[in-house]
Amino acid sequence: MVLAVWLLPLASFLILLAAGRRLGHRSGVVSSVLTGLTLPGVVALLAAAPAGTTRLAAWPWLGILGHGLSLGWLVDPLSVMMAGVVALVSTLVQVYSLAYMKGDRDFPVFFAEISLFTFAMQGLVFAPDLLQLFIFWELVGLCSYLLIGFWHTRPAAARAATKAFVVTRTGDLGLLAGILLLWSATGTLNIPRLLALAGSGALGGWVLTGSALLVFAGAVGKSAQFPLHTWLPDAMEGPTPISALIHAATMVAAGVYLVARMYPLFAASPTALEVVASIGALTALLAAGMGLVENELKRVVAYSTMSQLGYMMLGLGTGAYTAGLFQLFNHAFFKSLLFLAAGSVIHAADTHDLRRMGGLARRLPLSAPAFLAGALALGGIPPFSGFFSKDPIIAATAHQPALYAAALAGALLTSLYIFRAYFLVFAGTPRGEHPGGEGSSAMRGPLWILTVLSLGSGLAYHFFHRYLGRHPAAPYPVWSGSTWITLAVSGTGILLAWLLFANRPVERPRLAAPAHRLLAERFYLDQLYAGTIVRPILALSRAASWLDRRAVDGLVNGLARMVMSFGRGLRRVEVGRAQSYALAAFWGLALFILLLEGVR
Amino acid sequence: MPSLGDFLAVGAGLFVLGLFGALMKRTAVAVLMGIELMLNAANLNLVAFAAFSGRISGQIFALFVIALAAAEVAVGLAILLSLFRSRATVRMDDIDLLKG
């Protein structure tokens, strides 16, 4: 079962690699069908891995100093849940892409890369061993790079791809260091064994906290958490289905998944949990603020992704384990719904700019309600799915005033920015030429399915909690004392958005100008990184390059020039006349004989 | 009756003449002739040694050298001919492909 779920996308990748050009448009169908076939496999896994079980299969792969590195799979409720999300969203996004990417020159390449990504993501999800996890972790990073830069002839896309690659690598360095630290401390990379060690207290002190924080650094990079979040908005240069699959539903959630996978390690260290919660809360708040002033539709949704990932981290960090993961689960559906609906909008409006949209609800009779459903789910309005996960996360912070305030402010901003986008796009009168309408059935089908999931996935909270909660016996806190406050805050956000942005011809900066500027410039973090990291490194490279060209190359070239001038002097001896050589040979022989005679 | 030394002196003189021709003459044909002269100087020595020692091996050596000289002249002249065809000269000064 695992093998089918894991390797069918690989098979699809290999088929498209070998015959993609020849298959043409059919390559997308091959890939979609093969990925869709993994869905029954996930259902079977769900039955085969009931709550509380862990099935481990590992084969030795590399032996180092008597320790074996192994390759295999780990099937437990967490990995089955994540694999299900990946398989489902990947299938839907591929069906959507059949229409969205139609006519693109590199259509087969697109589907080959999506297949490779799906394979890598499933490999990451099922990894029983930190090294295997790291390998697939890097592989999904590679796919992300390839797909952000899919339209690589556009300089902005190429730049964004490089930025995403480099920034996430920075976090991965931490993850690698964490893995090495765990290896040197315990001599094993087997995840269940490591977690058992952490749980039993055999692993403790600074090693425990340090490795947890280093592993978290990898999650920060992958999940676009502060301060390594700068790559995600730029990653929107990729095709919209990629934004939905990789940069909303699955790959960016891998950071959250990693923290959840290593949760006993974090749970054993209060410091690590505190850091996770603080970073999460900070990201949730900052990203929501930046989303408020963004004028590109996809980037608004991207900031929303960062913010929601922050909520997941906040949930994990404050011990709301089930709620954090449930947020991942729900978010995967409503965020890919938002992205796919945004893709339809962009298709129809032929622009990314919110200020040039408006009044699109009549033209997009499916995408508009779909986007609305996604927005309500994101805003945490019952009975939409976000309510069932976000509210318990906020409630879990109630005893920590700073986190609670950040979470509530984030909730207010969340409904404000997403309904700002909704009203600017769909309400009012058109502010530009909108040539298109709703896409073909391949685009509408996934929208329908995801709308239903966004409406309904939250209602499965009971099953979800029983299936993979850490304390399934305790009730899942859907309704708590702070729920009314959260709802009031979210409702206020929607109301504010309606007052400020609905039925207005053109949007002016409505926040106080300096604050608006601060948000629009993304807190000047890009500039800060450019000034403190990128520019010094560039200067250093330039100095090294100068040194290399002048000093090192100078030495080598000087030696070569010396040899050449020596040769140029010697060549005068070579006159090219055979008789001269013969004369020299004669005198040489004569001298030789004389010498021999002399010796005798 | 001349002594062995007289024969050797004549041989040495012939050799020096041949050497001079091979090294100094301007035309390639004369160089070949000089080489022939040196070979024959060696032949003279070999025959003289054979006569004075009473053993036949020196004369057999000389016969081999004559056969070799014939072959060498054939090859040498063939090279000269093709050289003349391609470069229209047999002057040693003009044949300087080895010049560095």
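Residues numbered from 1 in each chain as written. Chains lettered and ligands numbered in written order. Predicted model: local features only at pLDDT ≥ 70, side-chain atom pairs only at ≥ 80, totals over all residues. Heavy atoms only, no water.

This part takes up the overall build of chain B. Looking only at helices and strands, one finds three helices and zero strands in chain B. When its helices and strands are written in sequence order, chain B yields α-α-α. C-alpha extents for chain B along the principal axes are approximately 50 × 25 × 25 Å. Looking at chain B as a whole, 26% of its 100 residues qualify as buried. When contacts within chain B are restricted to residue pairs at least 6 apart in sequence, those whose partners lie at least 24 apart make up 58%. Put simply, chain B shows about 6500 Å² of open surface, and 75% of that area lies on carbon and sulfur atoms. (Helix = DSSP H or I, 4+ residues; strand = E, 2+ residues; numbered from the N terminus. Buried < 20%, exposed > 50% of the residue type's maximum accessible area, 1.4 Å probe, protein only. Contact = heavy atoms within 4.5 Å. Areas by Shrake-Rupley, 256 points an atom, 1.4 Å probe, with all protein chains shown as cover.)

Before going further, it helps to spend a moment on the nonpolar core. Counting 194 residues, the largest nonpolar core has M262 and F266 of chain A as its most contacted members. When residues in this core are grouped by element, the largest group, 18 residues, is from helix 16 (residues 321–349) of chain A. With near-sequence residues (within four places) excluded, M262 of chain A lies in contact with L130, L182, I191, L195 and V215 of chain A. Among the nonpolar cores identified, the runner-up in size contains ten residues, and L19, A28, V31 and L80 of chain B belong to it. (Core = buried A, V, L, I, M, F, W, Y, C linked by side-chain atoms within 4.5 Å.)

It is worth spelling out the interface of chain A and chain B at this point. Facing the eleven residues of chain A at the interface are 15 residues of chain B. Interface area, chain A with chain B, both sides summed: about 980 Å², of which 61% is carbon and sulfur. Run the count over chain A and chain B and you get zero salt bridges. Run the count over chain A and chain B and you get three residue pairs in polar contact (both at pLDDT 80 or more). By residue class, the composition of the side of chain A that touches chain B is six nonpolar, two polar and three charged. (Buried area = accessible area lost by both parts, 1.4 Å probe. Salt bridge = Lys/Arg side-chain N within 4 Å of Asp/Glu carboxyl O. Polar contact = N/O pair within 3.5 Å; in protein donor to acceptor, adjacent residues only side chain to side chain. Nonpolar A, V, L, I, M, F, W, Y, C, P; charged D, E, K, R; others polar.)

Let us look at helix 4 (residues 77–100) of chain A. For helix 4 of chain A, with 24 residues, the first-to-last C-alpha span of 34 Å sits near the 34 Å given by 1.5 Å per residue. Burial of helix 4 of chain A is extensive: 22 of the 24 residues sit out of reach of the surface. (Expected span 1.5 Å × (residues − 1).)

Residues and elements named next belong to chain A. Where helix 1 (residues 2–23) contacts helix 3 (residues 38–48), the two axes come as close as 8 Å, and the packing angle between them is 155 degrees. Our classification of the angle between helix 1 and helix 3 gives roughly antiparallel. The handedness of the crossing between helix 1 and helix 3 comes out as left-handed. Residues V2, A4, V5, L8 and P9 of helix 1 form the contact with helix 3, whose participating residues are T38, G41, V42 and L45. A per-class count over the contact of helix 1 with helix 3 returns seven nonpolar, two polar and no charged. (Axes fitted to C-alpha atoms, helices over the stretch in contact; angles between N-to-C directions. Parallel < 35°, antiparallel > 145°, perpendicular 65-115°, else oblique. Left-handed = near helix turned anticlockwise from the far one by under 90°.)

Right, let's talk about the pattern of salt bridges for a bit. Opposite charge on two side chains makes pairing possible when the charged atoms of those side chains draw close. Residues and elements named next belong to chain A. For the structure shown, the criterion picks out ten salt bridges over all chains. As a salt-bridge pair, R261 and D76 come within 2.9 Å of each other at their nearest N and O atoms. Note that R261 is positioned in helix 12 (residues 254–261) and D76 in the loop between strand 2 (67–75) and helix 4, a separation of 185 residues in sequence. Overall, the relative accessible area of 5% leaves R261 in the buried class. Overall, D76 belongs to the buried group, its relative accessible area being 10%. Here R169 makes a salt bridge to D172, at a shortest N to O gap of 2.9 Å. Note that R169 and D172 are positioned in helix 7 (residues 155–186) at a spacing of three residues, about one turn of the helix. Classification of R169 as buried rests on a relative accessible area of 19%. Assessed through its relative accessible area of 2%, D172 is described here as buried.

This part takes up the packing of helix 12 of chain A against helix 15 (residues 297–317) of chain A. For any two helices packed against each other, one specifies the inter-axial angle together with the distance between the axes. Residue and element names in this part refer to chain A. Across the interface, helix 12 lies against helix 15 with an axial gap of 10 Å and an inter-helix angle of 5 degrees. By the criterion of interaxial angle, the relationship of helix 12 to helix 15 is roughly parallel. Note on element contacts: helix 15 touches helix 12 through L309, M312, M313 and L316, opposite G255, V256, V259 and A260. Within the contact of helix 12 with helix 15, the residues separate by chemical class into seven nonpolar, one polar and no charged.

Tracing the chain through its elements places D96 of chain B in the segment after helix 3 (57–87). On the accessibility criterion, D96 of chain B (27% relative accessible area) is partly exposed. The spacing of D96 of chain B and F84 of chain B is twelve residues in sequence and 14 Å in space, taken between C-alpha atoms. Contacts of D96 of chain B, omitting those with residues within four sequence positions, involve V575 and G576 of chain A together with R87 of chain B.

Fair warning: the whole summary comes from geometry, so function is off the table for now.
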